[in-house]
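# Inside the fold
What follows is the residue order along each chain.
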Amino acid sequence: MTPTTPANGLLARLRQQMSPRLPRRRTRTTAPAVCQPQNALSATHSAALAAFPEVLTSSEDTARQELEARGQFLARQDRWDDLGAEIRAADQARLRTPGGAAHCDLLARGARLDVVAPVQQILSDATLMPQHAPRGGIEQLEAQLDEFPDDYGVALVIVKAHVDLAWAWRGEDWQDALPAARLTSFQRHMARAEEILDRFNPFEHDSPALAACRCALLAAAVEPDVRMADDYEDLIDLDPANPRHMRAFGNHLLPRWFGSYQMLEVEARRIALMTQDLWGAGGYAWVYLDALSVDPGALELLDGEFFLEGMRDILERAPDQHVVNTWAAFCAVTLAELPAHRRATREVLRLLRSALEWIQRDHLEELHPLIWGQAKMGLKPARLDTSLEAIADMGRTAARNALAPA
């Protein structure tokens, strides 16, 4: 499918097909609010926070650390045959962490960390010159392609290393004027990643990881809007249970990337249809999640009731506390910082923010302060010198300010 501006008729048909309805939920009566002194409010919110055991290192964090360490160990031991086999096996088995990160991606990340991390650190430091960035590491990785030319697990490590290095040179901000040398390095690394990736077909290898790399290369494509929807729908078709693909799709559907708000709305409904057996209406909410986190304009066409139905379906199907904290922090922190200039969008925001009450009541069992801290920082990557303790402290404060007394 080629993404074009959809006709109103198509949008209407998609709305009718999904027929969003909020299920009736039992409500509870509460005592009227009374004015309290500031110190009393602080005490009650602290009590609300204390009602949930804090988990600084969750099962998600543990799984990520172990898988990255495994990939790094195999690469350092020059056991690339084992590494490639483990990446392929994890990919084809669709193994994921509780938060949805693919095991194969984490293994590949660990395997390239020694090459990529020094470059990222130097290029992110304004006091250092780009000339200081190490140059030889990627060539050492590429040498593995000669030894294992048909192993797409090994190839994934090198492809992803080139993508990481490309963005290290490009930078994550949205400045229009980049130094020519940085832009050239970005394009060179992306072109090399695409050259390697073209050796392997995602469907022939039954590989969501290969399909996800194709989507990652859209940022350097000449006409990304021509293939963007097709590439992402192929990826989601290969791995519909992984919400990260839907979240990335929603981000790339924004006008700042390759789409429009109307395309975002249409594709969110299309993905909800594609994944209905697994997620109910949840595909709609997953596609919008990161888009709303970076662009308030995504509120313009959002169907608030359908989004809420999607949230309920997600939390009923994925009750892991990493997922629950993600959505609680989204409602409490991300949505609280979104501006709304029209009455209609203010009403949608009010409706979505109110979901925190039932998430806290029905689903939240423990607090993951790192997730809340990351929500407070937004989707921009954290500074390399930002400690986990600082992010966790930020998250505790955000949760304390948001969670109501039990």
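Here the structure is a predicted model, which means the values were calculated and not measured. (Residues numbered from 1 in each chain as written. Predicted model: local features only at pLDDT ≥ 70, side-chain atom pairs only at ≥ 80, totals over all residues. Heavy atoms only, no water.)

## So, the overall build of the protein
- Looking only at helices and strands, the protein features 20 helices and zero strands.
- Counting the 406 residues in the protein, one finds 49% classified as buried.
- Put simply, 71% of the contacts in the protein that link residues at least 6 apart link residues at least 24 apart.
- Surface accessibility of the protein: about 19,600 Å² in total, with carbon and sulfur atoms responsible for 50%. (Helix = DSSP H or I, 4+ residues; strand = E, 2+ residues; numbered from the N terminus. Buried < 20%, exposed > 50% of the residue type's maximum accessible area, 1.4 Å probe, protein only. Contact = heavy atoms within 4.5 Å. Areas by Shrake-Rupley, 256 points an atom, 1.4 Å probe, with all protein chains shown as cover.)

## Quick look at helix α4 (residues 80-92)
- In this model, α4 (13 residues) spans 18 Å end to end at C-alpha, consistent with the 18 Å of a helix rising 1.5 Å per residue.
- Looking at the buried residues of α4, the elements they touch are α3 (59-76), α5 (103-123), α6 (137-147), α7 (152-170) and α9 (208-216).
- Positive backbone phi, approximately 55°, marks Arg94, located one or two places after α4. (Expected span 1.5 Å × (residues − 1).)

## Brief notes about the packing of aromatic side chains
- Applying the stated criterion across every chain yields a total of 11 aromatic pairs.
- Where Trp167 meets Trp257, the ring centres are 6.3 Å apart and the plane angle is 70°; that geometry is what we call edge-to-face. With a gap of 90 residues between them, Trp167 in helix α7 and Trp257 in the loop between α11 (243-252) and α12 (261-274) connect regions that are remote in the sequence.
- A connected cluster of aromatic rings, assembled from ring pairs, spans Trp279, Trp286, Phe307, Trp327 and Phe330.
- The side chain of Arg312 reaches across the aromatic face of Trp358, ending 4.0 Å from its centre. (Phe/Tyr/Trp six-rings, centres within 6.5 Å; stacked < 30°, edge-to-face > 60°. Lys NZ or Arg CZ within 6 Å of the ring centre and 35° of its normal.)

## Details of the nonpolar core
- Counting 66 residues, the largest nonpolar core has Tyr288, Leu302, Phe307, Met311, Trp327, Ile359 and Trp372 as its most contacted members.
- Counting residues per element, this core draws most heavily on helix α16 (residues 321-334), which supplies nine residues.
- Residues contacting Leu302, with those up to four places away along its chain left out, are Glu265, Tyr284, Tyr288, Leu292, Phe307, Val348 and Leu352.
- In terms of nonpolar packing, the next biggest core, distinct from the first, is built from 45 residues, Leu83, Val159, Trp169 and Phe186 among them. (Core = buried A, V, L, I, M, F, W, Y, C linked by side-chain atoms within 4.5 Å.)

## Description of α11
- Within α11, seven of the 10 residues are buried, which leaves it mostly tucked inside the rest of the structure.
- The set of residues buried in α11 consists of Pro243, His245, Met246, Arg247, Phe249, Gly250 and His252.
- Those residues of α11 hidden inside the fold are in contact with α9, α10 (224-238), α12, α13 (276-279), α14 (282-294) and α16.
- N-capping of α11 is provided by Asn242, with a side-chain oxygen placed 3.0 Å from the backbone N of Arg244. (Polar contact = N/O pair within 3.5 Å; in protein donor to acceptor, adjacent residues only side chain to side chain.)

## So, the confidence of the model for the protein
- Averaged over every residue, the pLDDT of the protein is 85; residues scoring 70 or more account for 82%.
- Here residues 1-38 is a poorly scored stretch, pLDDT under 50, and it has 53 contacts once near neighbours within four places are set aside; other chains count. (pLDDT = per-residue confidence, 0-100.)

## A closer look at the side chain of Lys160
- Here Lys160 is to be found in helix α7.
- Contact partners of Lys160, with chain neighbours within four places excluded, come to Asp105, Ala108, Arg112 and Cys213.

## Some remarks on unusual backbone geometry
- Even without being glycine, Asp78 reaches a positive phi, approximately 60°.
- Within the fold, Asp78 resides in the loop between α3 and α4.
- For Arg94, which is not glycine, the phi dihedral falls at a positive 55°.
- Locating Arg94 in the fold gives a position in the loop between α4 and α5.

## Here's the deal with the pattern of salt bridges
- Scanning the model with the defined rule gives 26 salt bridges in all.
- With a closest N to O distance of 2.7 Å, Asp114 and Arg76 form a salt bridge. Taken together, the positions of Asp114 in helix α5 and Arg76 in helix α3 put the pair 38 residues apart, joining distant regions of the chain.
- Taking the shortest distance from any N to any O, the salt bridge between Arg317 and Asp313 comes out at 3.6 Å. With a gap of four residues between them, Arg317 and Asp313 both fall in helix α15 (residues 304-317), about one helical turn apart.
- Asp313 gets classed as buried once you look at its relative accessible area, which sits at 13%. (Salt bridge = Lys/Arg side-chain N within 4 Å of Asp/Glu carboxyl O.)

## So, the environment of Tyr284
- Positionally, Tyr284 belongs in helix α14.
- Residue classification places Tyr284 among the buried positions, given a relative accessible area of 0%.
- Along the chain, Tyr284 and Gly250 lie 34 residues apart, while their C-alpha atoms are 9.5 Å from each other.
- Residues within four places of Tyr284 in sequence aside, it is in contact with Glu265, Ala268, Arg269, Ala272, Leu301, Leu302, Asp303, Phe306 and Phe307.

## Remarks on the side chain of Asp151
- Within the secondary structure layout, Asp151 lies in the loop between α6 and α7.
- What makes Asp151 buried here is its relative accessible area of 9%.
- For Asp151, the side chain forms a polar contact with the side chain of Arg88, separated by 2.9 Å.
- A distance of 2.8 Å separates a polar atom in the side chain of Asp151 from the backbone nitrogen of Gly153.

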